[in-house]
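# Structure at a glance
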Amino acid sequence: MDRRKFLNISAGAAVAAGLESLSASAKAASAIIPSYSGRADIPVRKLEGGYLHYIAGEEVSEPLKVRFLGTGAAGKPTPDADGRIRRHSSVLLDGKVIIDFTPTSEDMIPEGFHPEALFFTHSHGDHYIPEAALKLAPGHIFLGATWIDRAMEDLEKASKETGLPIPPVIPLGVGDKVTICGMTLTALPANHATKDLREQALIYLIEKLPVRVLYATDTGGITGIAARLVGIDPHIKPGNPITGLIMESTMGMEKDEDFRIFVHSSAPLVLRTVHMLLREGRYKPKEGQPAYITHIARSLHGKQSQSQLDASLPTPLKAAYDGLEVTFEA
């Protein structure tokens, strides 16, 4: 059986298990895919290849605003030479949608702020904390279908302990899309492993056409399937180029042979990726727009100040920092 079909079937079976509170009318509506919480308020259509497209509003053609809530890797945030710390990697999109969130970034958002949606890349503790997700109280949670059963157990436990409700939780398979708050996010396969070898970590393509930003953390390079789904694989006819890149660089310029290269990227790897995509016409940023690195491990970059770190990076790489706001335009 084709793996994509298997994942979609598995996700469908998992969703069906959580439908006890779903109304009969919602069950009968074939255009609606229910979430684990029993709500069914996001219409979905099937895309070519069996992928799903969840829709909550229309995509908007305008710049994409990204605020980095955290740019660090696993471990306790520690200060650099300027006293600046790097919280766990997290981004806020257009002030409405968050990708990954832990308590380290709670001070980066206004009190009482609740995003329309919270997307997770994978289940590692520097990206996903169930208690923090419930406290954030997003309108919806999206995460990989391969670990949604475990996530629901985590969230149910956290809900009992905190007394906070669980928002609708929606599973994503590779290639699935979500249109929400004027942007479309496509789930893509990352090259990353957790303790659960069945879990497929995700990276995301974020689109507000013609803006197309690839957000790639955690991953050891860009997988072939991800490149093909985005349209930047030079083996196929040119698709729409990406116009922005945010990619993890757990390892620095001098750490290209670190053993974590199996599941993480280094600054030289990001640089080679950028050079190739520019040469092949698959990456066309606005003139002067850097490619941003994030998920920066202090121990693998050195205790440098922000200016020292940027000075160590070849053009067009630039190190993102907590609180940095970037507007991506085509």
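We now turn to the structure provided with this report. Per chain, residues are indexed from 1 in the order of the written sequence. Given that this is a predicted model, residues contribute local features only at a pLDDT of at least 70 and side-chain atom pairs are listed and counted only at 80 or more, while totals for whole chains, interfaces and linings are drawn from all residues. Water and hydrogen atoms play no part in the side-chain values, which are based on all heavy atoms of the structure.

### As for the nonpolar core
Side-chain atoms within 4.5 Å are what join buried Ala, Val, Leu, Ile, Met, Phe, Trp, Tyr and Cys residues into a set we call a nonpolar core. Per-residue accessibility, obtained with a 1.4 Å probe over protein chains only, is compared with the maximum for each type, and a residue is labelled buried under 20%, exposed over 50%, and partly exposed between these values. With 35 residues, the main nonpolar core has Phe68, Leu93, Ile99, Phe119, Leu172 and Phe328 as its most contacted residues. A contact between two residues is defined here by any heavy atoms of the two lying within 4.5 Å. The contacts of Leu93, once residues within four sequence positions are left out, are Lys65, Val66, Ile99, Met183, Leu185 and Ile206. Membership of the second largest hydrophobic core comes to 27 residues, among which are Leu277, Leu313, Leu317 and Ala319.

### Section: the pattern of salt bridges
Salt bridge, as applied in this entry: a Lys or Arg side-chain nitrogen positioned within 4 Å of an Asp or Glu carboxyl oxygen. Scanning the entire structure with this criterion turns up 16 salt bridges. With a closest N to O distance of 3.2 Å, Glu62 and Lys208 form a salt bridge. Of this pair, Glu62 sits in the loop between strand E2 (52–56) and strand E3 (64–70) while Lys208 sits in strand E11 (residues 202–208), and the two are 146 residues apart along the sequence. By relative accessible area, which is 42% here, Glu62 ends up partly exposed. For Lys208, a relative accessible area of 1% translates into the label buried. Between Lys135 and Glu106 there is a salt bridge, and its shortest N-O distance comes to 3.8 Å. One end of the pair, Lys135, is in helix H3 (residues 130–136); the other, Glu106, is in the loop between strand E5 (97–99) and strand E6 (117–119), and 29 residues separate them in sequence. A run of H or I in DSSP becomes a helix once it reaches four residues, and a run of E becomes a strand once it reaches two; helices and strands are each numbered from the N terminus.

### Description of the sheet that holds strand E15 (residues 317–319)
By this definition, two strands are paired if DSSP reports at least two bridges between them. The strand order across the open sheet built from nine strands is E1-E2-E9-E10-E11-E12-E13-E14-E15, with neighbouring strands paired in mixed fashion. Of all strands in the sheet, those with a lone pairing partner are strand E1 (44–46) and E15, marking the two edges. Direction aside, the axes of adjacent strands within the sheet are offset by 20° on average. Pairing between strand E12 (residues 211–216) and strand E13 (residues 244–248): four bridges, direction parallel. What sits directly across from Leu214, in E13, is Leu245. Angles shown run from 0 to 180 degrees and are taken between the N-to-C directions of axes, each axis being a line fitted to C-alpha atoms and, for helices, limited to the stretch in contact.

### Regarding the packing of aromatic side chains
Stacked, tilted and edge-to-face are the three classes applied to pairs of Phe, Tyr and Trp rings, where Trp contributes its six-membered ring and a pair requires centres within 6.5 Å; stacked means planes under 30 degrees apart, edge-to-face means over 60, and tilted covers the rest. On inspection of all chains with the given rule, the structure shows seven aromatic pairs. An angle of 15° between the planes, with centres 4.7 Å apart, marks the rings of Phe119 and Phe142 as stacked. With Phe119 in strand E6 and Phe142 in strand E7 (residues 140–144), this residue pair connects regions lying 23 residues apart in the sequence. There is no split in this pair, since Phe119 and Phe142 are both buried. Their ring planes at 85° and their centres at 5.1 Å tell us that Phe120 and Tyr128 sit as a pair that is edge-to-face. Exposure class is identical for Phe120 and Tyr128. Each is buried.

### Side note on the sheet that holds strand E16 (residues 325–328)
If you trace the seven strands from one edge of the open sheet to the other, you get E8-E7-E6-E5-E4-E3-E16, paired in mixed fashion. With one partner strand each, in any of the chains shown, strand E8 (169–172) and E16 form the two edges of the open sheet. On average, adjacent strands in this sheet sit at an angle of 25° to one another, irrespective of strand direction. Sheet strands touched by helix H4 (residues 148–162): E7 and E8. Its angle to E8, the strand with the most contacts, is close to 160°.

### Section: the pairing of E2
The buried fraction of E2 amounts to four of the five residues, a majority that puts the element mostly inside the structure. For E1 and E2, the ladder comprises three bridges, and the chain directions are antiparallel. By the bridge assignment for E2, Val44 is matched with Tyr54. Note that E2 and strand E9 (residues 177–180) share four bridges and pair parallel. Residue pairing for E9: Tyr54 is matched across the bridge by Val178.

### Remarks on unusual backbone geometry
A cis amide bond, omega 10°, links Leu209 with the succeeding residue Pro210. With an omega dihedral of 15°, the bond running from Thr315 to Pro316 counts as a cis peptide bond. Following the sequence through the fold, Pro316 ends up in the loop between helix H7 (306–312) and E15. Even without glycine at this site, Asp100 takes up a positive phi of about 65°. Residue class for Asp100 comes out buried when judged on its relative accessible area of 0%. Even without a glycine there, the phi angle at Cys181 is positive, about 55°. Looking at the secondary structure, you find Cys181 in the loop between E9 and strand E10 (183–189). Residue Cys181 is classed as buried on the basis of its relative accessible area of 19%.

### A short note on the pairing of E3
The element E3 is largely enclosed, with a buried count of five among its seven residues. Sheet topology note: the E3/E16 ladder contains four bridges and is antiparallel. Across the sheet, Arg67 pairs through a bridge with Glu325, a residue of E16. Here E3 pairs with strand E4 (residues 90–93) via four bridges, running antiparallel.

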